[in-house]
There are 2 protein chains.
Amino acid sequence: MASPPLSLSLSIFLLLSPLISSASSQPFIRLPTEATKGKSTVDDDDLYCSSWHLAVETNNAGSWKTIPTRCRSYAQDYMTGQRYMSDSEIAANFSLAHASSVEIARDGKDAWVFDVDETLLSNLKYYEDHGFGILDGDVNHVLIKILISNNTEPSEIFDDDSFNAWVDLAVAPAIPASLKLYNELKQMGFKIFLLTGRSESQRNVTAKNLLFAGYTDWERLILRGHSDEGTKAIAYKSERRSELLDEGYRIQGNSGDQWSDLQGFAVAIRSFKLPNPMYYIA
Amino acid sequence: MASPPLSLSLSIFLLLSPLISSASSQPFIRLPTEATKGKSTVDDDDLYCSSWHLAVETNNAGSWKTIPTRCRSYAQDYMTGQRYMSDSEIAANFSLAHASSVEIARDGKDAWVFDVDETLLSNLKYYEDHGFGILDGDVNHVLIKILISNNTEPSEIFDDDSFNAWVDLAVAPAIPASLKLYNELKQMGFKIFLLTGRSESQRNVTAKNLLFAGYTDWERLILRGHSDEGTKAIAYKSERRSELLDEGYRIQGNSGDQWSDLQGFAVAIRSFKLPNPMYYIA
C-alpha cells in the first residue's frame with residue numbers, strides 16, 4: 001500500500017509510543033482475562049453451555065448425540081427465550097442481504113434451498129413436551145429422550161413413532177423470521193426448493209403443515225424416497241442439490257439448521273446456519 | 001428401525017395423548033417466544049450483538065468490514081471477559097477430542113495446521129490500544145480504526161505500519177487453551193504446521209514471538225512469499241495445504257479464527273473455528 005500521509009504517520013507513532021514503552025518495561029503482556037487463570041471457565045455452567053452451544057453452531061462439536069446434562073436447562077431457556085428468535089432473525093437478515101446482492105436473471109434459474117424442520121417449521125412444542133430429542137444420523141431413526149420429570153435423569157427410548165405422530169398433526173408453526181425471508185425471496189424472484197430429510201410418505205402432511213404455517217408457492221418439495229433410505233443426510237442433500245445444478249439452477253442460497261443441510265458437495269453460493277442446540281443430524 | 005417393545009409403545013402413547021388433545025383443541029401452536037412478537041429483538045443492543053456475533057462465528061455474516069457501532073462495547077467486553085477464554089477453551093477441547101480419535105500412523109504424516117494471529121497468539125493488547133481493527137481482504141492491508149476516545153466516532157486510517165510495529169515487538173502472548181492444545185498434539189505425534197497470512201519478511205519476529213509465547217518444535221512455519229502477494233487468504237492457505245497433501249501429509253485438523261483459514265480446497269478432515277469478533281479476513 002501507499003505510505004500514509006505524514007500527519008497520520010505521526011498519529012500512529014504517538015499512539016504506538018506508550019505501547020512500545022510499556023512493552024519494553026513489561027516483557028510479558030498479560031491477557032486481561034488472565035485474572036481468571038487457574039480457575040477453569042468450564043466450572044461455570046452458564047459459561048460452559050454458552051461455549052458448548054457456540055461449538056455446536058460452528059460445527060466444532062462435530063457429531064454429537066446428547067445435550068450435556070448440565071446444559072439441558074440452558075438449551076430449554078435458549079429455545080424458549082429471546083435469543084433463539086433473535087439469532088434466527090439475524091440469520092434471516094444476513095440471508096436477505098446476500099439475496100439482495102444477487103442479480104436475478106430472467107431465466108428463472110436463481111434458486112434458494114430451504115430445509116424444513118427447525119428451518120421453516122418449528123417443532124419446539126414437540127421437544128418441549130417430550131424432552132429434547134437427539135437424532136441418530138438418520139432422520140428416520142429418532143432417539144427421543146423422554147424426560148420423566150425435570151428433576152430426574154431422562155430415560156432414553158429409540159423412537160420415531162412419537163415424532164411421526166407429531167408430524168402427522170401438521171400443526172408445527174413457522175419460525176417467524178424464516179417465513180418473512182421466504183416471502184421476500186419469493187417476491188424477489190427466487191425459485192424456492194424445500195429439501196427435507198422427511199420421507200416421501202410424509203409428503204401430504206408436510207405440504208399441509210407448510211401451508212398451515214403460511215408457506216406457499218414453493219417450486220418443489222423434495223423428500224427422501226425409498227432409494228435414499230440409509231443414506232446420510234449430508235450425502236442425500238448433496239445429491240439432490242447436485243441434480244438441481246444439473247437442471248441449470250444456480251443455488252444462490254441455502255438455509256438449514258444442520259451442517260449436513262449445508263455442507264458436502266454441490267453447496268450453495270452462500271449457506272446460512274440456523275441455530276439448533278436441540279439435536280444433531282449427520 | 002425395529003418396532004419398540006410394547007411397554008415403550010405404551011409410554012409413547014401415554015406421553016403423546018395430551019399433546020394430541022391439546023393440539024386438536026388449539027389448532028395454532030404458539031411458539032413460547034411469540035409473547036415478544038411485534039417488538040423486534042434487534043431493538044435490544046446486547047441481544048442484537050450476541051446474535052451478530054453468532055452470525056460472524058457461523059459465517060452467516062459473510063464478508064464484513066466493521067463491527068457495528070452499537071456492538072463495539074459488546075466486542076470489547078467479550079474479548080476481555082470470560083466468554084472469549086471459555087469459547088477458546090471449548091474449541092480446544094473439541095479439537096483434542098477429535099485428535100484423540102485419530103490413529104496416528106508411524107509414517108510421521110499426520111498433520112495439524114494452525115493459523116497464528118488470534119489462533120496461537122493473541123493481539124488483543126494491540127487492538128485494545130488501537131481500537132478494534134478491520135482487515136481489508138489482505139492481511140498486509142490493515143485498516144485500523146483508531147478510537148480517538150471511547151466516546152467519539154472513530155477516525156479510520158489505512159495502515160499496516162502500526163500493526164507491523166506491534167508484530168516486530170514479538171511480545172504477543174499465547175491464547176492459553178491453544179498453547180495447551182498445541183503441546184498435547186505434539187505429544188500425540190502430530191506434525192505441526194503454522195500457516196499464517198504474515199509475510200515472509202516477518203519470519204524471524206514471528207518465530208521469536210512464538211517461542212516467547214511458549215510454542216516450540218513446529219514442523220514448518222509457512223508465511224506469504226512474494227508470489228502470494230495480492231492472493232486472497234482463502235486461496236493462499238488452500239494452496240499451501242494442497243502442497244502438504246502432495247507431500248503425503250494427512251491434515252487431520254486445522255485451527256483458525258477466520259473461515260478463510262478453514263475453507264476453500266484441500267480442507268482438513270476436521271476444522272475448528274476459534275472465536276474472533278474483532279475483524280474479518282476474506
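These numbers were taken from a predicted model, which means no experiment stands behind them.

*Asks:* Please explain the pairing of strand 7 (residues 250–256) of chain A as it appears in this structure.
*Replies:* Moving residue by residue along a regular strand, the side chains alternate between the two faces of the sheet. Residue and element names in this part refer to chain A. Burial analysis of strand 7 places six of its seven residues in the buried class, the great majority of the element. In this sheet, strand 7 lies alongside strand 1 (residues 110–114) in parallel orientation, the contact comprising five bridges. For Asp 110, the partnering residue across the bridge sits in strand 7 and is Arg 250.

*Asks:* How should I be thinking about the environment of Met188(B) in this particular structure?
*Replies:* Residues and elements named next belong to chain B. Tracing the chain through its elements places Met 188 in helix 7 (residues 176–188). Its relative accessible area of 29% is what places Met 188 among the partly exposed residues. In this structure the C-alpha to C-alpha distance between Met 188 and Val 102, which are 86 residues apart in sequence, comes to 9.7 Å. When neighbours within four sequence positions are excluded, Met 188 is seen to be in contact with Leu 96, Ala 99, Ser 100 and Ile 104.

*Asks:* How do you make sense of the packing of helix 4 (residues 82–101) of chain A against helix 2 (residues 45–57) of chain B when you look at a structure like this?
*Replies:* At their nearest, the axes of helix 4 of chain A and helix 2 of chain B sit 9 Å apart, and the two run at 55° to each other. Comparing the axis directions of helix 4 of chain A and helix 2 of chain B gives the class oblique. Of the two elements, helix 4 of chain A crosses helix 2 of chain B, and the hand of that crossing is right-handed. On the side of helix 4 of chain A, the interface is formed by Gln82(A), Arg83(A), Ser86(A), Asp87(A), Ile90(A) and Phe94(A), while helix 2 of chain B contributes Leu47(B), Tyr48(B), Ser50(B), Ser51(B), Trp52(B), Leu54(B) and Ala55(B). Among the residues making up the contact of helix 4 of chain A with helix 2 of chain B, the classes are represented as seven nonpolar, four polar and two charged.

*Asks:* Any chance you could explain the nonpolar core here in plain terms?
*Replies:* Soluble globular proteins tend to pack their nonpolar side chains together in the buried interior. Counting 114 residues, the largest nonpolar core has Phe114(A), Leu194(A), Leu210(A), Tyr215(A), Trp218(A), Phe114(B) and Leu194(B) as its most contacted members. Excluding residues that lie within four positions of it along the chain, Phe114(A) makes contacts with Thr119(A), Leu120(A), Leu181(A), Tyr182(A), Leu185(A), Ile192(A), Phe193(A), Leu194(A), Leu195(A) and Ser255(A).

*Asks:* Would you mind showing me how to read the sheet that holds strand 8 (residues 270–273) of chain B here?
*Replies:* By way of backbone hydrogen bonds, the strands of a sheet pair with one another, either parallel or antiparallel. All names here are of chain B. Strand order in the open sheet formed by five strands is 6-5-1-7-8, and the pairing between neighbours is parallel. Of all strands in the sheet, those with a lone pairing partner are strand 6 (220–224) and strand 8, marking the two edges. Within this sheet the neighbouring strands show an average axis-to-axis angle of 20°, counted without direction. Taken together, the four bridges between strand 7 (residues 250–256) and strand 8 define a ladder with parallel strand orientation. The residue of strand 8 that forms the bridge with Ser 255 is Phe 272.

*Asks:* Could you clarify how one ought to interpret the side chain of Thr119(A) in this entry?
*Replies:* Residue and element names in this part refer to chain A. Within the fold, Thr 119 resides in the loop between strand 1 and helix 5 (124–130). Given the relative accessible area of 0%, Thr 119 is considered buried. There is a polar contact of 2.9 Å between the side chain of Thr 119 and the side chain of Asp 115. Among all residues touching Thr 119, those that are not within four sequence positions of it are Phe 114, Ile 175, Ser 178, Ser 255, Gly 256, Asp 257, Asp 261 and Leu 274.

*Asks:* In this structure, what is going on with the packing of aromatic side chains? I would like to understand it.
*Replies:* For any pair of aromatic rings, the description rests on two quantities: the centre-to-centre distance and the angle between the ring planes. Residue and element names in this part refer to chain B. In this structure the tally under the stated criterion is 29 aromatic pairs over all chains. With 6.3 Å between their ring centres and 15° between their planes, Tyr 74 and Tyr 78 make a pair best called stacked. Of this pair, Tyr 74 and Tyr 78 both sit in helix 3 (residues 72–80), four residues apart, which is roughly one turn of the helix. Judged on exposure class, the residue Tyr 74 and its partner Tyr 78 are both buried.

*Asks:* Could you clarify how one ought to interpret helix 6 (residues 161–169) of chain A in this entry?
*Replies:* An α-helical turn contains 3.6 residues, so a residue and the one three or four places further along point in the same direction. Residues and elements named next belong to chain A. Buried within helix 6 we find Ser 162, Phe 163, Trp 166 and Val 167. In a view along the axis of helix 6, the buried residues occupy a sector of 145°, so they form one face of it. At the C-terminal side of helix 6, Ala 170 shows a positive phi close to 60°.

*Asks:* Looking at this structure, how should I read unusual backbone geometry?
*Replies:* Residues and elements named next belong to chain A. The backbone of Asn 59 shows a phi angle near 75°, a positive value even though the residue is not glycine. Residue position: Asn 59 is located in the loop between helix 2 (45–57) and helix 3 (72–80). Using a relative accessible area of 15% as the deciding quantity, one classes Asn 59 as buried.

*Asks:* Please clarify how the pattern of salt bridges should be interpreted in this entry.
*Replies:* Side-chain pairing between opposite charges can occur once the charged atoms of the two side chains come close. This structure, assessed with the given rule, holds 30 salt bridges over all chains. Salt-bridge contacts for Asp228(B) lead to Arg240(B); the nearest nitrogen and oxygen are separated by 2.6 Å. Of the two residues, Asp228(B) is situated in the loop between strand 6 and helix 9 (233–246) and Arg240(B) in helix 9; the sequence distance between them amounts to 12 residues. What emerges from the salt-bridge pattern is a single network uniting Asp107(A), Asp110(A) and Arg250(A).

*Asks:* Mind showing me how you'd approach the state of the cysteines here?
*Replies:* Here a disulfide denotes a covalent bond joining the sulfur atom of one cysteine to the sulfur atom of another. Residues and elements named next belong to chain A. Enumeration over the complete set of coordinates arrives at two disulfides over all chains. Bridging Cys 49 to Cys 71, the disulfide has an S-S length of 2.2 Å. As the torsion about the S-S bond is roughly -90°, the Cys 49-Cys 71 disulfide counts as left-handed. With Cys 49 in helix 2 and Cys 71 in the loop between helix 2 and helix 3, the pair connects residues that are 22 residues apart, well separated along the chain.

*Asks:* What exactly am I supposed to notice about the sheet that holds strand 8 (residues 270–273) of chain A here?
*Replies:* Residue and element names in this part refer to chain A. Read across the sheet, five strands follow the order 6-5-1-7-8 without closing on themselves; strand pairing throughout is parallel. Edge strands, defined here as strands with exactly one partner in the open sheet, are strand 6 (220–224) and strand 8. Adjacent strand axes in the sheet meet at a mean angle of 20°, parallel and antiparallel pairs treated alike. Running over the sheet, helix 4 touches strand 1, strand 7 and strand 8 and is turned about 170° from strand 8.

*Asks:* Any chance you could explain the confidence of the model for chain A here in plain terms?
*Replies:* Atom-level detail of predicted coordinates should not be read off regions where pLDDT is low. Residue and element names in this part refer to chain A. Looking at chain A as a whole, its pLDDT mean stands at 82, while 75% of the residues score no less than 70. Long-range and interchain partners of residues 1–38, a stretch whose pLDDT sits below 50, account for 52 contacts in this model, where long-range means more than four residues apart. Contacts from residues 135–158, a stretch scored under 50 in pLDDT, to residues over four places away or in other chains number 73 contacts.

*Asks:* Is there a simple way to explain the side chain of Asp261(B) in this structure?
*Replies:* Residues and elements named next belong to chain B. With respect to the helices and strands, Asp 261 occurs in helix 10 (residues 259–262). Using a relative accessible area of 5% as the deciding quantity, one classes Asp 261 as buried. At 2.7 Å, the side chain of Asp 261 forms a polar contact with the side chain of Lys 237. Every residue in contact with Asp 261, bar those within four places of it in the chain, is listed here: Asp 115, Thr 119, Lys 237, Arg 241, Asn 254 and Gly 256.

*Asks:* Explain a negative patch on the surface to me, please; I cannot follow it from the model alone.
*Replies:* A surface patch of like charges, here negative, comprises Asp43(A), Asp44(A), Asp46(A) and Asp77(A). With respect to the helices, strands and loops of the structure, Asp46(A) is situated in helix 2.

The rules behind these values
In every chain, residue numbers begin from 1 and rise along the written sequence. Each chain gets a letter, beginning with A, and each ligand a number, beginning with 1, in the order they are written. Residues qualify for local features only when their pLDDT is at least 70, as the model is predicted, and side-chain atom pairs are given and counted only at 80 or more; totals for whole chains, interfaces and linings, by contrast, use all residues. Hydrogens and waters are ignored; side-chain quantities use all the structure's heavy atoms. Exposure categories follow from relative accessible area, calculated using a 1.4 Å probe and restricted to protein chains: below 20% of the type maximum is buried, above 50% is exposed, and the middle band is partly exposed. We count a stretch as a helix when DSSP gives it H or I for four or more residues in a row; a strand needs E for two or more, and each element gets its number in order from the N terminus. Note: two strands are recorded as paired if DSSP finds a minimum of 2 bridges between them. We call two residues in contact whenever any of their non-hydrogen atoms come within 4.5 Å of each other. Between N-to-C directions, angles cover 0 to 180 degrees, with each direction set by a line fitted to C-alpha atoms, over the stretch in contact for helices. Each angle receives one of four descriptions, namely roughly parallel if under 35 degrees, roughly antiparallel if over 145, roughly perpendicular if within 65 to 115, and oblique otherwise. In this scheme the crossing of two helices becomes right-handed for a clockwise turn of the near helix relative to the far one and left-handed for an anticlockwise turn of less than a right angle. Polarity classes work like this: nonpolar for Ala, Val, Leu, Ile, Met, Phe, Trp, Tyr, Cys and Pro, charged for Asp, Glu, Lys and Arg, and polar for all others, with Gly in that last group. Among buried residues, those of type Ala, Val, Leu, Ile, Met, Phe, Trp, Tyr and Cys that are joined through side-chain atoms within 4.5 Å constitute a nonpolar core. Pairs of N or O atoms within 3.5 Å make up the polar contacts considered here, provided that, within protein, one atom can donate a hydrogen while the other can accept it, and that residues adjacent in sequence are counted only when both atoms are side-chain atoms. Two rings belonging to Phe, Tyr or Trp (six-membered ring only in the last case) form a pair when the distance between their centres is within 6.5 Å. Interplanar angles under 30 degrees mark stacking, angles over 60 mark edge-to-face geometry, and anything in between is tilted. As used here, the arc is the angular range of directions from the helix axis to the C-beta atoms. Definition used for salt bridges: Asp or Glu carboxyl oxygen within 4 Å of a side-chain nitrogen of Lys or Arg. Note that a disulfide, as used here, is simply two cysteine sulfur atoms within 2.5 Å. The predictor attaches a confidence to each residue, and that confidence, scored 0 to 100, is pLDDT. Exposure above 30% relative accessible area and the lack of any salt bridge qualify a residue for a patch; like charges then connect within 9 Å, and the nonpolar side chains Val, Leu, Ile, Met, Phe, Trp and Tyr within 5 Å. Areas reported as accessible are Shrake-Rupley estimates using a 1.4 Å probe. Residue values count occlusion only from the protein chains shown. Neither His nor the chain ends contribute to the count of charged residues, in which Lys and Arg are positive and Asp and Glu negative. In plain terms, the charge of a residue is placed at NZ if it is Lys, CZ if Arg, CG if Asp and CD if Glu.

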